[in-house]
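# Survey of secondary and tertiary structure
Listed here are the chains, written in short residue letters.
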Amino acid sequence: EQLSVSIARAAELTALLKKAKTQYETLLSSERERQQFARLEQALDAYYAVNDQLIRLSNEGRLDELSALLGTQYKAISDDLGAQFGALMKINAEAADESAALADQVYDRAITAVIGLIVFAALLTAVLALMLTRSIVKPLSEAVRVSETIAGGDLTEAFAVAGADEPATLLR
């Protein structure tokens with residue numbers, strides 16, 4: 001009975017593994033990963049075949065053959081399966097590291113671009129502020145100069161009035 005439960009559980013786990021393998025296959029992103037996945041599939045197929053053979057031998061009561069198969073072919077296939085999973089995990093870890101490095105580069109470029117835009121905006125603001133200040137200060141300076149000339153008693157100097165702002169109105 002315990003053997004039946006173990007065999008049923010193994011079948012359930014095999015079905016879950018096949019489903020996960022199918023889902024994972026849609027995520028393959030490089031030729032190297034596809035090749036390694038194909039090697040893993042071959043190892044899995046060999047594992048499934050020897051596992052089925054072990055179950056058959058157990059059901060038939062051929063325990064000596066089962067024991068021999070466990071110590072030889074099953075062990076070799078299990079070791080290979082572990083190696084293939086390990087190689088696939090290594091490929092995924094390397095791809096994750098590459099993605100992280102690329103993300104860091106993109107982030108650094110974005111920060112540089114934002115800083116450049118901030119500096120450009122600050123310079124543009126300074127230039128516009130300077131131009132606005134000059135547009136206010138120049139007419140006021142001219143009005144002060146004319147006022148000082150008139151206050152000094154010199155009414156002979158001619159000056160041109162341009163514009164329609166407050167300093168121009170004052171000079172008229």
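One can find the structure itself at the top, above this paragraph.
Here the structure is a predicted model, which means the values were calculated and not measured.

## Brief notes about the environment of Asn51
Relative to the helices and strands, Asn51 is located in helix α2 (residues 31-59). Exposure remark for Asn51: the relative accessible area of 15% places this residue in the buried category. With 59 residues separating them along the chain, Asn51 and Ala110 place their C-alpha atoms 53 Å apart.

## Some details on the pattern of salt bridges
For the structure shown, the criterion picks out eight salt bridges. One salt bridge in this structure joins Glu12 and Arg9, with 2.6 Å as the shortest N-O distance. Highlighted residues: Glu12 and Arg9, both in helix α1 (residues 2-25), separated by three residues, approximately one helical turn. By relative accessible area, which is 41% here, Arg9 ends up partly exposed.

## A closer look at the packing of aromatic side chains
The final tally for this structure, using the stated rule, is three aromatic pairs. Among the aromatic side chains, those forming a connected cluster through ring pairs are Tyr47, Tyr48 and Tyr74. Taking NZ or CZ as reference, Lys18 lies 4.7 Å from the ring centre of Tyr48, over its face.

## Considering the environment of Ile77
For Ile77, the position within the fold is in helix α3 (residues 63-151). In this structure the C-alpha to C-alpha distance between Ile77 and Leu44, which are 33 residues apart in sequence, comes to 8.6 Å. The residues contacting Ile77, other than those within four sequence positions of it, are Ala43, Ala46, Tyr47 and Val50.

## Let's talk about the packing of α2 against α3
Where α2 meets α3, the axes come as close as 9 Å, and the angle between the chain directions of the two elements is 160 degrees. Relative to α3, α2 is oriented roughly antiparallel. In the crossing of α2 with α3, the sense of the turn from one axis to the other is left-handed.

## A word on the packing of α1 against α2
Where α1 meets α2, the axes come as close as 12 Å, and the angle between the chain directions of the two elements is 165 degrees. Taken together, α1 and α2 sit at an angle that is classed as roughly antiparallel. Every pair of crossing elements has a handedness; the one defined by α1 and α2 is left-handed. Between α1, through Leu3, Ile7, Thr14, Leu17, Lys18, Lys21, Tyr24 and Glu25, and α2, the contact on the second element is made entirely by Glu33, Phe37, Glu41, Leu44, Tyr48, Ile55, Ser58 and Asn59. Taken together, the residues of the contact of α1 with α2 sort by class into eight nonpolar, three polar and five charged.

Cut-offs used in this document
- Residues numbered from 1 in each chain as written.
- Predicted model: local features only at pLDDT ≥ 70, side-chain atom pairs only at ≥ 80, totals over all residues.
- Heavy atoms only, no water.
- Helix = DSSP H or I, 4+ residues; strand = E, 2+ residues; numbered from the N terminus.
- Buried < 20%, exposed > 50% of the residue type's maximum accessible area, 1.4 Å probe, protein only.
- Salt bridge = Lys/Arg side-chain N within 4 Å of Asp/Glu carboxyl O.
- Phe/Tyr/Trp six-rings, centres within 6.5 Å; stacked < 30°, edge-to-face > 60°.
- Lys NZ or Arg CZ within 6 Å of the ring centre and 35° of its normal.
- Contact = heavy atoms within 4.5 Å.
- Axes fitted to C-alpha atoms, helices over the stretch in contact; angles between N-to-C directions.
- Parallel < 35°, antiparallel > 145°, perpendicular 65-115°, else oblique.
- Left-handed = near helix turned anticlockwise from the far one by under 90°.
- Nonpolar A, V, L, I, M, F, W, Y, C, P; charged D, E, K, R; others polar.

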